[in-house]
Amino acid sequence: MVSNWTKIPPPLFKKVVIVLIDALRDDFVFGSKGKQFMPYTTQVVEKGTSYSFIAEAKPPTVTMPRIKALMTGSIPGFIDVIVNLNSPALLDDNLIWQAKTAGKRIIFYGDDTWVKLFPKHFVEYDGTTSFFVSDFTEVDDNVTRHLDRVLKREDWDLLILHYLGLDHIGHMTGPNSSLVGPKLHEMDNILKKIHISLLSKEEASLPNLLVVCGDHGMSETGSHGGSSEGEVHTPLLFISSAFEKRSGALTQPELVQQTDLASTLAVGLGLPISRNSVGNIILPVVGGKTMREQLRFVHLNGFQLSRLLQENTPAYEKDPGYEYFKIAEKSHGNWIKLYLEGNNSEILLNLGKKVLKQYLEALKTLSSSLSKQVAQYDMYSMMVGTVIIMEVLLLLLLSIPKALSSRAEFEVPLSPTLFSLLFYLMCLMLCAVHVIVCTSAESLCYFCSMSWLTAVGVMMLISALMCGILSAIAKIFENSRLPLKNPVVSSSSWSEIDVLILAGTIGHVLSLGASSFIEEEHQTWYFLINTLCLVLCQELCRNNFLLKERDPQYGIIVKQNFDSIGEASECKNIDIPAAGNSKLGKATSSAEFVKGPDKWISLASPWIILICCRLLRSLNQTGVQWAHRPDFGHWLTSSEHKSELSFLAAVSLLMIFFLVQRRCSLVSKIAMALGLLGVYSYRAAIGNVIFPWQRDSKDISKGITEARFVYVFVLGIVFTGTKDLLKSQVISTDSTVKSTGLWEVYSGLVLLAALLFRPHNLPVLVFCLLIQTMMTKYIWRPLKSDAAQITIMHYWFGQAFFYFQGNSNGIATVDVSAGFVGLESYVEIPAIFLTAFATYAGPLLWAIHLLCYLSSEVSRNSAAVGHGCFCYALMRSIPAAIYIVLVTGLRYHLFIWSVFSPKLLYEGVHVFITATICLFFTAMDQNHSYKVQDRK
């Protein structure tokens, strides 16, 4: 009996057309925009033969994972956010493969992600790139131009159309843009044409079906990837003459899961339900069939879900969903007996409804259980990665004394390690563990699938790092027994800044274990930099008033002592500014540096910085809890305030030039001025701002020429700086040449950031440069802060400016449009680079400024750059390593996919960028390395 029940029933529809409108939010169809711009669709929804639902998508809400969910019924992993850039072929059982296997002829037009996921599945296709977000029209026209021809043909069974224009408009201008309405109207006309054509070609035997859906929605800023309501709720419409005509008042559409579409379409096309699907059949779509057919459909769905549960859960028999299904199956058997006996009474109908209700309850519970268990974690690979990361962190922590010494040495003693007996024993033990795990593992393991040569290399790395750690610990114990050298210089006390830095770092790391703190991480950084400003204010007041009032001669006496210590330590290469946390160094600061009006500017600087930070917080609302609230950025970007935005952008660009040009050569100053003029011209060309003489806001070009004009000056300034850097490394030993080159490179990056930032975000760049200037001249120099303190302050402000830009720990805040500035078509490497630079511009600019500042300070020892590099790497490594451990422990947390996983992705990219920055630091510190070697 069971074999007959699980036999695939015949199809319900002859032809099926799926129209997927990228980034179609539910309110675009069911809200006021739908009534205004999609009249035909609204009429069909309210009075036609249709069923309408709101489909809930699971994060990450980006295109490729959503297509996988729609076609397989499974929940994709978060790694698909990365794979989304270059989608591989989909190997899981899916609706497209089942349709092709059954002999269905499939035609596809639209996003080429489908072509990559389902190669050789379509009898005809025409793909368009989904990443060139500046294209609003051609990307959709390329789909529509095939419609008239293909709708007249009879040689297809499944037609899939994926329209991208709405998504691109959202990325560039947001959901409230004036471009959204015309695009929705265009989609409405296309749906009308398809619907009328399907109705005209219907036969008496089988009706046709039109499915309208979105892969994801869009946030209030027009992006997507996160889990806000606007991003996860999309409309799902089933339109067919097989359905009854709607009557009565329109009710709120029922909420279903996006994964339910695969099961429903499989039944509609007479195909097996995908093996890994966790979706339920949407019952109203098959509700017009007889009770026997409906029960057969839901039993098929339940049988597939229970089999999937058996494959993934050892104790599946105790699962409530499985128990409910067996009860429903037994009731179904009783109903079949009555039916076969020819009983057509009311009792049979009521029993059928009861069985149907039992099946639906079982399906719901089974789907819920499977959705929770769908994440199969590769624990062995995760543990190997975690061990390596923690070993690197521990090695960094153990290297602090040497790395922050006068020589700034950071050496991993690998030579003795690789020839030690302990190293070989550890390698042998780890290889044995690897063999045992890989031969006994039941599920697929990524690390086990690697070649043995690669696996042995990883084991050797783990062993070498462990031996290096043990060697470092042994040296620390050995050095602790030796008498201290230079007790005068080394005796120092912890200042308030040091205490704040330590407490802030520990507090931030601990906060990463809570989902709410991750969602609102910007609040942590805002609090830390505000507190830092108050502590700096206290330090400045103490240096300028308290020490002077206690003993006017104290500063002069200490200065003499300080100078004598400096002369005595010249041969030992001790970094005197690095001792800035000592009372000895602090006492001399006001006497040496702060004079006249500079003293009062210095005292006011922390308060000015606080005011700047408060203004920046009002510019962009970020996070989750208050992201929906209006901010100054939304006010500026509205079409009614284009004049105000234009004025602000022009003033900001002038301020950027004023703040950057001070350290540039004459040629670079001219290039910077022309480049910033090009930035404004680009924004005017694409309609973001207007020129004073411009009477309307029509686009005068696509901005490609203007953007490339700016790129020429960016490359010119960076090339000039690179030339000076190479000259300082190879030919000249003059430190001013290297300093000039670094500032030139920094200026070029500022110009690039000005081009990629949206006009309302240009004040963020202005305040970034202003705060850097004020802290350099009026805080760090008077306080004689050491390289470690300055590095950590740069890191903190870099993190704060990451959020001042409007970023968050959600994928939705990534400004994808920045990756296509000046590009006519999608080019992968430049697009990825520009998007990453625009996203991490705040941390990057602060890191490069750190290198420029430490290299240009003549009074500092050359070891300062090494100190800065080490501290920056350490500050990035601590939260990243601890967070990986926390995420591993919280892998079954309710918000693992919506909160913790996006944050892990951001951490990974940030670590990669930090590694690149540290390599740049190391390259710029080669002169110091050579000097150290010469002394040896």
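To be clear, the structure that these remarks concern was listed above.
Each value, and the rule that gives it
Residues numbered from 1 in each chain as written. Predicted model: local features only at pLDDT ≥ 70, side-chain atom pairs only at ≥ 80, totals over all residues. Heavy atoms only, no water. Helix = DSSP H or I, 4+ residues; strand = E, 2+ residues; numbered from the N terminus. Buried < 20%, exposed > 50% of the residue type's maximum accessible area, 1.4 Å probe, protein only. Contact = heavy atoms within 4.5 Å. Areas by Shrake-Rupley, 256 points an atom, 1.4 Å probe, with all protein chains shown as cover. Salt bridge = Lys/Arg side-chain N within 4 Å of Asp/Glu carboxyl O. 1 Å grid on protein atoms, 1.4 Å probe; cavity = no way out; pocket = protein on both sides within 12 Å on 5 of 7 lines; lining within 4 Å. Points joined across faces, edges and corners; volume = space filled by probe spheres on them. Nonpolar A, V, L, I, M, F, W, Y, C, P; charged D, E, K, R; others polar. Core = buried A, V, L, I, M, F, W, Y, C linked by side-chain atoms within 4.5 Å. Disulfide = S-S within 2.5 Å. Polar contact = N/O pair within 3.5 Å; in protein donor to acceptor, adjacent residues only side chain to side chain. Pairing = 2+ DSSP bridges. Axes fitted to C-alpha atoms, helices over the stretch in contact; angles between N-to-C directions. Expected span 1.5 Å × (residues − 1). Phe/Tyr/Trp six-rings, centres within 6.5 Å; stacked < 30°, edge-to-face > 60°.

Helix and strand content of the protein chain: 43 helices and eight strands. Relative to its 936 residues, the protein chain shows a buried fraction of 55%. In the protein chain, the share of contacts with a sequence separation of at least 24, taken over all contacts with a separation of at least 6, comes to 78%. About 41500 Å² of surface is accessible on the protein chain, with carbon and sulfur atoms providing 63% of the total.

Attention shifts here to the pattern of salt bridges. According to the stated counting rule, one finds 20 salt bridges in the structure shown. With a closest N to O distance of 3.8 Å, lysine 15 and glutamate 154 form a salt bridge. Taken together, the residues span a long stretch of sequence, with lysine 15 in the loop between helix H1 (2–5) and strand S1 (16–21) and glutamate 154 in the loop between helix H10 (147–152) and strand S5 (158–163) at a distance of 139 residues. As a salt-bridge pair, glutamate 329 and lysine 326 come within 3.3 Å of each other at their nearest N and O atoms. Of this pair, glutamate 329 and lysine 326 both sit in helix H17 (residues 320–340), three residues apart, roughly one helical turn. A residue is classified by how much of its surface remains accessible, and glutamate 329, at 12% relative accessible area, is buried. The partly exposed category is assigned to lysine 326, whose relative accessible area is 38%.

With that settled, consider empty space enclosed by the protein. This model, assessed by the stated rule, comprises four cavities of 30 Å³ or more. Considering only enclosed or pocket space, the largest cavity measures out at about 70 Å³ in volume. Together, Gln799, Phe802, Tyr803, Asn809, Tyr840, Lys903, Tyr906, Glu907 and His910 line the largest cavity. Those elements that provide at least two residues to the lining of the largest cavity are helix H38 (787–804) and helix H42 (896–924). The biggest single contributor to the lining of the largest cavity is H42, with four residues. Residue composition of the lining of the largest cavity, by class: four nonpolar, three polar and two charged. There is about 50 Å³ of room inside the second largest cavity. In this structure, the second largest cavity is lined by Gly504, Thr505, His508, Val509, Trp525, Leu528, Tyr795, Trp796, Met875 and Pro879.

Ranked by internal contacts, the top residues of the largest apolar core, which has 113 residues, are Ile656, Trp796 and Phe797. For isoleucine 656, the contacting residues outside a window of four places in its chain are Leu676, Val750, Ala754, Leu762, Leu765, Val766 and Leu769. Counting residues in hydrophobic clusters, the runner-up holds 65 residues, among them Ala99, Leu117, Leu309 and Leu370.

Another point: the state of the cysteines. One pass over the full model with this rule turns up one disulfide. Across the disulfide from cysteine 438 sits cysteine 448; the S-S distance is 2.0 Å. The S-S bond linking cysteine 438 to cysteine 448 shows a torsion near -85 degrees; that makes this disulfide left-handed. One end of the pair, cysteine 438, is in helix H22 (residues 421–440); the other, cysteine 448, is in helix H23 (residues 446–449), with 10 residues separating them in the sequence. Cysteine 448 gets classed as partly exposed once you look at its relative accessible area, which sits at 22%.

Looking at the secondary structure, you find histidine 146 in the loop between helix H9 (138–144) and H10. The buried category is assigned to histidine 146, whose relative accessible area is 10%. Within the local environment of histidine 146, its side chain forms a polar contact with the side chain of aspartate 126, the two groups lying 2.8 Å apart. Not counting residues within four places of it along the chain, the set of residues in contact with histidine 146 comprises Tyr109 and Asp126.

We now examine the sheet that holds strand S3 (residues 106–111). Taken together, the eight strands give an open sheet; going across it, the order is S4-S3-S5-S1-S6-S7-S2-S8, and neighbouring strands pair in mixed fashion. Either end of the sheet is taken by a strand with one partner, and the two such strands are strand S4 (124–128) and strand S8 (254–257). When the angles between neighbouring strand axes are averaged without regard to direction, this sheet yields 20 degrees. Sheet topology note: the strand S2 (residues 50–56)/strand S7 (residues 233–239) ladder contains seven bridges and is antiparallel. Paired with glutamate 56 across the strands is histidine 233, a residue of S7.

Since the α-helix turns once every 3.6 residues, residues separated by three or four places project in the same direction. Over its 27 residues, helix H35 (residues 704–730) runs 38 Å from end to end, which matches the ideal 39 Å to within 8%, given 1.5 Å per residue. Inspection of H35 places Ile704, Glu706, Ala707, Val710, Tyr711, Phe713, Val714, Ile717, Gly721, Asp724, Leu725 and Ser728 among the buried residues, and these make up the whole buried set.

In the structure shown here, the tally under the stated rule is 28 aromatic pairs. Taking the centre distance of 4.8 Å and the plane angle of 10 degrees together, the rings of tyrosine 526 and phenylalanine 804 count as stacked. One end of the pair, tyrosine 526, is in helix H28 (residues 521–550); the other, phenylalanine 804, is in helix H38, and 278 residues separate them in sequence. One exposure class covers both tyrosine 526 and phenylalanine 804, and it is buried. Seen from their ring centres, tryptophan 743 and tyrosine 746 are 5.7 Å apart, and the 85 degrees between their planes marks the pair as edge-to-face. Here tyrosine 746 and tryptophan 743 lie together in helix H36 (residues 735–756), a separation of three residues that amounts to about one turn. The pair tryptophan 743 / tyrosine 746 is uniform in exposure class, with both members buried. Joined through ring pairs, the aromatic side chains of Tyr526, Phe797, Phe801, Phe804 and Trp846 make up one cluster.

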